[in-house]
Amino acid sequence: MVLAKSDVVQDTYLVGIGVSPGIGIGEICLISHRSTVDEWPIEADAVESEVARFHWAIDQARQQLQEVKENVSSKQHLREHLYILDTHIMILEDEMLVKGTIEEIQKKLNAEGGLKRVLSRLRQMFDNIEDEYLRERRSDVDAVGERLMRILTGEHDRPLSAIGQKSLVFAHDLSPADTMQMDRQNILGFVTDKGGQTSHTAILARSMEIPAVVGLESVTSLVHDGLPAIIDGSTGVVVLNPSAGTFKEYLQRKQAYEYLEKELHSFRDLPAVTTDGIRIALRGNLELASDFPVARRHGAEGVGLYRTEFLFMGREEPPDEEEQFKAYREILDEMTPHPVTIRTLDIGGDKFVPELNLADEANPAMGLRAIRFSLREGRLFRVQLRAILRASVFGKVRIMFPMISGVAEVRTCKRILKEVQDSLTEEGHDYDQEICIGVMIETPAAVMIAPLLAKEVDFFSIGTNDLIQYCLAVDRGNEHVAYLYDPLHPAILRSLKIVCDAARQEQISVSICGETAGEPLYTMALIGLGLNELSMNPAAISRVKRVLRQISRQDGEELVERLFALPTGKEVSALIYKEMRQRLPELFTQSII
Ligand code: PEP
Ligand code: MG
């Protein structure tokens, strides 16, 4: 039943996952809603024609995807996302999907019912995958499944490309193919029942800079065409049928956001320098090819963390030397003259690559992960080092080893690196003879021996995501203990200080590449601790730069002194917030509702 406007209570607030910042205010255009699929038995003599109908649906889906591909290939900013469409075309050929559905039909079930059962099995399989990135690749299978289902049921979603006036798009789910076809001029934002932070649709929304909120579960069953709404992609808030007061408030927030964005954009080409003249390098963390344009647009001074494990995910065989060499070279072509820090494979723990046959471990976070895996799988490690070294002549490369827990490990890495260098020399390959090597500080052991490690390497990069997990004994992915995961815990502040002091003593550079680095609230304290490089999600760079340019290292040092007198993370957080709010009220006054 379609609800009349008055059936939606005024100022209905809903909170989903904000995946692409910005505020959209307008009327809803409902593209698709949660639909139910019926299954029914068929006669034995109807099986053959039902199988043929399923094959026809696959052909239709392939044709539709090819058409989208042709339409978007002329759009420069979307070209790099075409691989998603190829992935969807490949899924249409997947044996589990196709053969599985045909087997269900052969059990005398209609094609929609057979497909529904197979999709539900595949979803279960994906839900059991621990790695968040891979788990969310389920959305690609869902998108293909829904496309096939729509073809089979004859249901047609309203095409996004046909939306003629400025609207907020509400949809049960939006496939990346749908999202790519959005006309930025007419779409003020979108909201979906489904989705998560790292789904391709979310990634695309960020790169197209369309405000988006996902994961609202059943919002499409509440709304109807023309209903006024507000979406806030930064906080994940959606307001249905807003009152005049709420409308006015969000209009002001939208103007403030746009003003701030414009102003922040003007920081893009300004140097990241404190008021007392200290230059801080602000770099980007990258994992996917789609991150490059965002990194460039936000003025990243190179890459402080390239998570190479994403090259190894979702494929049968690990990438060979040539493929890795090309991938590393591609980043250097984009980022030169800025440095690119390539982290050697960091799998295991929460980043699971099933194809590499990791051991089944009771406690994977403390198991054979990161550098431990590379040192055991020497061949894989050497191939990666060869590829990185060969690429190093095309720019400024730094090699970084993850999850180091002792000096012996670093020495083994250096020995292997030297052997690889010697063999490249013998083969006549060129590489950067002065290549910098560094370690990630992610374990409490590495913190305690930072003065010893500093003598072995050219730089430190603190991986706070893991350091907080290991130092506070709080699994970073476990929602039950998430309340204990505190970047401002006094133990973390003290750990950062030990590492920064050790780096200063040996005159090596020290950065943070965990999420802590991209939180502008922490910037002043981090500078006070002595960090001279921060690497973050590129979209966070302008805000951090904005803070940096208004504080001095001395301000930071004084703040740190006061923070060290406080016994709990909560008190540390309250003091930082108070201090930053006084200094930059326009950046630190946003609340969720
Ligand atoms: C970290 O642990 O802080 C880090 C940057 O590495 P990852 O998040 O990839 O484990
Ligand atoms: Mg880590």
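Keep in mind that this is a model prediction, so the values were computed, not measured.

Trainee: I'm lost on the coordination of the magnesium ion (ligand 2) in this one. Help?
Mentor: By definition of the ideal shapes, a tetrahedral metal site with four donors has angles of 109.5 degrees and an octahedral site with six donors has angles of 90 or 180 degrees. Coordination of the magnesium ion (ligand 2) by the protein comes from Glu-442 (OE) and Asp-466 (OD), over a distance range of 2.0 Å. Of this pair, Glu-442 sits in the loop between strand 13 (436-441) and helix 16 (444-448) while Asp-466 sits in helix 18 (residues 464-472), and the two are 24 residues apart along the sequence. For Glu-442, a relative accessible area of 2% corresponds to the buried category. The exposure class assigned to Asp-466 is buried, which follows from its relative accessible area of 2%.

Trainee: What is the right way to read the packing of aromatic side chains from this model?
Mentor: Working definition: an aromatic ring pair is given by the centre-to-centre distance plus the angle between the planes. Per the stated rule, a full pass over the model turns up three aromatic pairs. One cation-aromatic arrangement involves Arg-390 over Phe-325; the distance from NZ or CZ to the ring centre is 4.2 Å. A cation sits over an aromatic face here: Arg-398 above Phe-459, 4.5 Å from the ring centre.

Trainee: Help me understand the pairing of strand 14 (residues 459-462) in this model?
Mentor: Two faces belong to every sheet, and in a regular strand the side chains alternate between them. Neither face of strand 14 is exposed, since Phe-459 and Ser-461 on one face and Phe-460 and Ile-462 on the opposite face are all buried. Bridge analysis of strand 13 against strand 14 gives four bridges, and the strand direction is parallel. Paired with Ile-441 across the bridge in strand 14 is Ile-462. In this structure, strand 14 lies alongside strand 15 (residues 509-512), joined through four bridges in parallel fashion. Paired with Ile-462 across the bridge in strand 15 is Ile-512.

Trainee: I would appreciate a short explanation of the packing of helix 4 (residues 111-127) against helix 6 (residues 138-153) in the present structure.
Mentor: The relative placement of two packed helices comes down to the angle between their axes together with the axis-to-axis distance. Viewed as axis vectors pointing N to C, helix 4 and helix 6 meet at an angle of 175°, and their least axial separation amounts to 10 Å. If you check the angle between helix 4 and helix 6, you find them roughly antiparallel. Across the interface between the two elements, Ala-111, Glu-112, Leu-115, Lys-116, Leu-119, Leu-122, Arg-123, Phe-126 and Asp-127 from helix 4 touch Arg-138, Val-141, Asp-142, Gly-145, Leu-148, Met-149, Leu-152 and Thr-153 from helix 6. Its residues assigned to classes, the contact of helix 4 with helix 6 shows nine nonpolar, two polar and six charged.

About the criteria used
Residues numbered from 1 in each chain as written. Chains lettered and ligands numbered in written order. Predicted model: local features only at pLDDT ≥ 70, side-chain atom pairs only at ≥ 80, totals over all residues. Heavy atoms only, no water. Donors = N, O, S within 2.8 Å, 3.2 Å for Na, K, Ca; no water. Helix = DSSP H or I, 4+ residues; strand = E, 2+ residues; numbered from the N terminus. Buried < 20%, exposed > 50% of the residue type's maximum accessible area, 1.4 Å probe, protein only. Phe/Tyr/Trp six-rings, centres within 6.5 Å; stacked < 30°, edge-to-face > 60°. Lys NZ or Arg CZ within 6 Å of the ring centre and 35° of its normal. Pairing = 2+ DSSP bridges. Axes fitted to C-alpha atoms, helices over the stretch in contact; angles between N-to-C directions. Parallel < 35°, antiparallel > 145°, perpendicular 65-115°, else oblique. Contact = heavy atoms within 4.5 Å. Nonpolar A, V, L, I, M, F, W, Y, C, P; charged D, E, K, R; others polar.

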